[in-house]
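If you want the building blocks of each chain, they are given just below.
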Amino acid sequence: MKLTQLAACIATATLLTACGGSSSDSDSSVINLPNVQKVLNTNADIALAVYSDAVDTAIDLKTALATFRADPTEANLEAAKKAWLVAREPYGQSEVYRFRNSPIDSTDYSSEDGPEGDINAWPLGEALIDYVKTNSSDFGTDQIGVTANSAGINGNGAIDATHATNNDADNIIGNTSVVINADLLANTATADDEHDVIAGYHAIEFMLWGQDLNTTGNTTDGTDRDSAVKSYVFNHGGQRPLGDFVPGFDGTNTDYNANTLSHRRHQFMAVAVDKLIADLEAVRDGWKAGAAYRTAFTTVTTEAQAKQKLAEILTGMGTLSEGELAGERMQIAFSANSQEDEHSCFSDNTHRDIWLDAEGVANSYYGAYAGYDSTLDGTDNVTTRAITNGYGIDDYLRDAGKAELATRVETALTTTATHYTAIDAKARAGEPFDVLIMAANQTANNPVYKTITALNTQSALIAEIATTLGINGSVVDPDASACDTKDPLASCDE
């Protein structure tokens, strides 16, 4: 989701009044400039740490992909999948820095020209990249033949239920006249419906896992996704065969496994990961000491500036909690039983996307960053850049005499964590997100339902923090989603 008028509204202190009332009505006693400075410094330190970890894990992914290309074995494919999963662990915690004109969304602290769309846009235009299967409500023919894009391909690369190839395929892998380079991948998310996403984490995910097919080798019909579940971790999700990457492999779907096409798949991933690393490095560098963005963000000399910067932090927390995570990333898929709207639908890693986004909100609140999980057991074990003695919103509220509000916020964050932990546990036990959203499972007892409502409550309390600090205007963007997250089963009127 792109920045909205809200983000522009909080971008300059002079617009605090225009976004909803007069700043003179605020309680000036809650604005303590030295304490605001500490919050900003910690918030920036966490951003630098988490984006630095994201860069490092993306570089590790590049190494794993190169090893797999040199020796395309099942073991090296699993190692590449693991590297992708690990790379998601720090990045997910960074998404709380969105919606505030920070370097992920903006290159100049004002416009909406940041690299987020190239890094993490979804749903993916998989038919533009490689062969796909259709014939179900989960992935119908409306997902192919995407012509309104800038990549110069139409995505007509489906294969039928018998696994026969479409020899007229026009996708990046199948059309060997298409040059695979960074310029090509820069043409991502150019269509209005964004069915032409071809870059970033999810493009690499699709190449490694392929579509998540049921036991008959077909796309699911929305009722049989449990028949597609395999054991956790590396062979869950999609079922792309190793032969797709082996030069000269002679198996089913022979045309797609020909020598040239296998090399093009490796080439695509190599270009995609190089672009991913470059984009992440640009974001990371904006948070380094002395960088223009960090200097502007951490410079505060007046009450108006203090409110502006606090509003930016709270907007990232509030809008991610309610509109983006609860609405766009959970309720749309949950209420519609739509696997195609699942965030990491190829790898069945959506349970981690949910956990990590919510954890990032808590990081900003508590002024802490525990590191990331490199073993994929659910525990943060890489603590090289961990921040444990920061000054967060919780400290600020208590020092301002608002302990009661701080306690209510912390209770809400704990409730949210209880429910997303339950989603994670379900996935590890064989019920990933795409199974939890099946019609038969759409009840108020579902941890997906409970997490959505918990995030709604959490976002309301984040908004209350803003009001308490005398910040005018909403820090929970009402246009971030068309979902009513008070009712997770209600359809989202897109």
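Criteria and thresholds
Residues numbered from 1 in each chain as written. Predicted model: local features only at pLDDT ≥ 70, side-chain atom pairs only at ≥ 80, totals over all residues. Heavy atoms only, no water. Buried < 20%, exposed > 50% of the residue type's maximum accessible area, 1.4 Å probe, protein only. Helix = DSSP H or I, 4+ residues; strand = E, 2+ residues; numbered from the N terminus. Bend = angle between axes of the 7 residues up to and from the residue. pLDDT = per-residue confidence, 0-100. Contact = heavy atoms within 4.5 Å. 1 Å grid on protein atoms, 1.4 Å probe; cavity = no way out; pocket = protein on both sides within 12 Å on 5 of 7 lines; lining within 4 Å. Points joined across faces, edges and corners; volume = space filled by probe spheres on them. Nonpolar A, V, L, I, M, F, W, Y, C, P; charged D, E, K, R; others polar. Axes fitted to C-alpha atoms, helices over the stretch in contact; angles between N-to-C directions. Parallel < 35°, antiparallel > 145°, perpendicular 65-115°, else oblique. Left-handed = near helix turned anticlockwise from the far one by under 90°. Salt bridge = Lys/Arg side-chain N within 4 Å of Asp/Glu carboxyl O.

## Regarding helix α7 (residues 201-209)
Move 1: Extensive coverage of α7 is indicated by the burial of 9 of its 9 residues.
Move 2: Every buried residue belonging to α7 is among Y201, H202, A203, I204, E205, F206, M207, L208 and W209, and all of these are buried.

## Concerning helix α10 (residues 303-336)
Since the α-helix advances by 3.6 residues per turn, residues separated by three or four positions end up pointing in the same direction.
Move 1: By the largest-angle criterion, G327 marks the main kink of α10, which is about 45°.
Move 2: Within α10, 30 of the 34 residues are buried, which leaves the element mostly enclosed by the surrounding structure.
Move 3: Taken from the residues just after α10, N337 is the one with a positive phi, measuring 50°.

## What about the confidence of the model for the protein?
Move 1: On average, the protein scores 87 in pLDDT, and the residues at 70 or more come to 87%.
Move 2: Confidence drops under a pLDDT of 50 for residues 1-26, and excluding neighbours within four residues, the segment shows 57 contacts in the predicted structure.

## Comments concerning empty space enclosed by the protein
Move 1: Taken as a whole and assessed by the stated rule, the structure comprises 5 cavities of 30 Å³ or more.
Move 2: Roughly 120 Å³ of internal volume is contained in the largest cavity.
Move 3: Around the largest cavity, the lining residues are E126, D138, F139, Q211, D212, T219, T220, Q339, E340, C345 and F346.
Move 4: Along the lines of polarity and charge, the residues of the lining of the largest cavity split into 3 nonpolar, 4 polar and 4 charged.

## Some thoughts on the packing of α10 against helix α15 (residues 447-468)
A pair of packed helices can be characterised by two numbers: the angle between their axes and the separation between those axes.
Move 1: Remark: α10 packs on α15, axes separated minimally by 9 Å, with the N-to-C direction vectors making an angle of 160°. Taken together, α10 and α15 sit at an angle that is classed as roughly antiparallel. For the element pair α10 and α15, the recorded crossing hand is left-handed. From α10, L314, M317, G318, S321, E322, L325, A326, M330, Q331 and F334 reach across to α15, where they touch V448, Y449, T451, I452, L455, N456, Q458, S459, I462, I465 and A466.
Move 2: Of the residues belonging to the contact of α10 with α15, the class tally is 13 nonpolar, 7 polar and 1 charged.

## Some thoughts on the pattern of salt bridges
Move 1: Tallying each qualifying case throughout the model produces 26 salt bridges.
Move 2: Among the ionic pairs, R98 bridges to E324, the shortest N-O distance being 3.9 Å. Of this pair, R98 sits in the loop between α3 (74-94) and α4 (116-120) while E324 is found in helix α10, placing the two residues 226 residues apart along the sequence.
Move 3: The exposure class assigned to E324 is buried, which follows from its relative accessible area of 2%.
Move 4: Across the pair E431 and K426 runs a salt bridge, and its minimum N-O distance is 3.5 Å.
Move 5: Judged by relative accessible area, K426 falls into the partly exposed class, the value being 33%.
Move 6: Among the charged side chains, a salt-bridge network with shared partners connects E95, R98, D105, E116, E324, R329 and D357.

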